Amino acid sequence: VDSFLSEFRNVTFVLQKSLAHTDYLEAYQTLRDKHLKNGDCSWLVEKRNEVTKEKPFRLEKSLILTLYLPNGAGVFPVETYTIEDEEDYSSLIEMVKRVIEGIPAIEVFFSVEFIYKEVGSERNLFGTIDNGIDSILALLEDLDKMIGGEKSKARELVLEKIKNLHFHSAPKDFWFIDDYVFYRKDHVFEK
């Protein structure tokens, strides 16, 4: 997280330095304000300043268990973990299994969702990161259109790499939610 925060801000540092003595600086500043002056990007820059000057990012992971039963869905209380009290994945799954085994149904369908936040905050870290990447990409695309005719292999390569980020293009539930079924008869959990 610390590295991402630092590199996120470095994009604008590099752009500012690269465009400082060109005719594009003023247009860049207008595009920067248009795309990066928002709550998520401001938060990312603020956290970047904290992790580079004060302290590491204090990551908190929450586990949400949602059961899907014939009479409706139920969400179990959130378990929260920090680096200091981190549980390994297998012990979390064992805890979930104990809860599921106590439900008297032939099959139990459920989801396990992980949410990452800063300790003491309700801001979804990866939602904010995703919005920040969208903002930077929009800035770079508009800047590329503005510069137009001056082809640059480096610029094209950077834009292509960002567009091909799998994390950025996949649905978020693909990364953070796992769906399961528990078959009581055979005592089997299937993902």
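Residues numbered from 1 in each chain as written. Predicted model: local features only at pLDDT ≥ 70, side-chain atom pairs only at ≥ 80, totals over all residues. Heavy atoms only, no water.

Chemist: Looking at this structure, how should I read the environment of Lys47?
Modeler: By the secondary structure assignment, Lys47 is in helix α3 (residues 39-53). Among the residues examined, Lys47 registers a relative accessible area of 6% and is labelled buried. Through-space distance from the C-alpha of Lys47 to that of Val1 is 9.8 Å; in sequence the pair is 46 residues apart. Not counting the four nearest positions on each side in its chain, Lys47 is found in contact with Leu5, Phe57 and Glu118. (Helix = DSSP H or I, 4+ residues; strand = E, 2+ residues; numbered from the N terminus. Buried < 20%, exposed > 50% of the residue type's maximum accessible area, 1.4 Å probe, protein only. Contact = heavy atoms within 4.5 Å.)

Chemist: Hey, could you run me through the environment of Leu125 in this one?
Modeler: Mapped onto the elements, Leu125 comes out in helix α5 (residues 125-147). Exposure remark for Leu125: the relative accessible area of 0% places this residue in the buried category. Along the backbone, Leu125 and Leu59 are 66 residues apart, and their C-alpha atoms lie at a distance of 8.9 Å. When near neighbours in sequence (up to four residues on either side) are disregarded, Leu125 contacts Val1, Trp43, Phe57, Leu59, Tyr116 and Lys117.

Chemist: For this particular structure, what's the right way to read the side chain of Ser121?
Modeler: One can find Ser121 in the loop between β4 (107-118) and α5. Using a relative accessible area of 16% as the deciding quantity, one classes Ser121 as buried. A polar contact is formed between the side chain of Ser121 and the backbone nitrogen of Arg123, at a distance of 3.0 Å. (Polar contact = N/O pair within 3.5 Å; in protein donor to acceptor, adjacent residues only side chain to side chain.)

Chemist: Which parts of the structure should I look at to understand the pairing of strand β5 (residues 177-183)?
Modeler: Bridge analysis of β4 against β5 gives 7 bridges, and the strand direction is antiparallel. If you follow Glu107 over to β5, its bridge partner there is Tyr183. By the bridge criterion, 3 bridges tie β5 to strand β6 (residues 188-190) in an arrangement that is antiparallel. Its bridge partner being in β6, Val181 is matched across the sheet by Glu190. Here β5 folds back onto β6, and the loop between the two strands holds 4 residues, one of which, His187, carries a positive phi near 50°. (Pairing = 2+ DSSP bridges.)

Chemist: Explain the packing of aromatic side chains to me, please; I cannot follow it from the model alone.
Modeler: Geometry of an aromatic ring pair is reported as the spacing of the ring centres plus the angle between the planes. A full pass over the atoms with the stated rule returns 8 aromatic pairs. When the centroid spacing of 6.2 Å and the interplanar angle of 80° are considered together, the rings of Phe110 and Phe189 count as edge-to-face. Here Phe189 lies in strand β6 and Phe110 lies in strand β4, a separation of 79 residues in the sequence. Since its relative accessible area comes to 3%, Phe110 is described here as buried. Exposure remark for Phe189: the relative accessible area of 22% places this residue in the partly exposed category. Connected via pairs of aromatic rings, a cluster forms that spans Phe110, Tyr180, Phe182 and Phe189. (Phe/Tyr/Trp six-rings, centres within 6.5 Å; stacked < 30°, edge-to-face > 60°.)

Chemist: Explain the pairing of strand β1 (residues 59-69) here, please?
Modeler: Sheet faces and side chains relate simply in a regular strand, where the side chains alternate between the two faces. Of all the 11 residues making up β1, 8 are buried; the element is thus mostly covered by neighbouring parts of the structure. In this structure, β1 lies alongside β4, joined through 10 bridges in antiparallel fashion. Its bridge partner being in β4, Leu63 is matched across the sheet by Phe114. Bridge analysis of β1 against strand β2 (residues 72-75) gives 4 bridges, and the strand direction is antiparallel. Bridging from a neighbouring strand, Thr66 pairs with Val75 of β2.

Chemist: What's the story with the pattern of salt bridges in this structure? I'm lost.
Modeler: Note that side chains of opposite charge can pair when their charged atoms are close. Under the defined criterion, the tally for this structure stands at 8 salt bridges. Close ionic contact of Asp40 with Arg123 constitutes a salt bridge, the shortest N to O distance being 2.6 Å. Of this pair, Asp40 sits in helix α3 while Arg123 sits in the loop between β4 and α5, placing them 83 residues apart in sequence. When the shortest N-O distance is used, the salt bridge between Lys191 and Asp178 registers 3.5 Å. Here Asp178 lies in strand β5 and Lys191 lies in the segment after β6, a separation of 13 residues in the sequence. The exposed category is assigned to Lys191, whose relative accessible area is 67%. One salt-bridge network, in which partners are shared between bridges, spans Lys47, Glu50 and Glu118. (Salt bridge = Lys/Arg side-chain N within 4 Å of Asp/Glu carboxyl O.)

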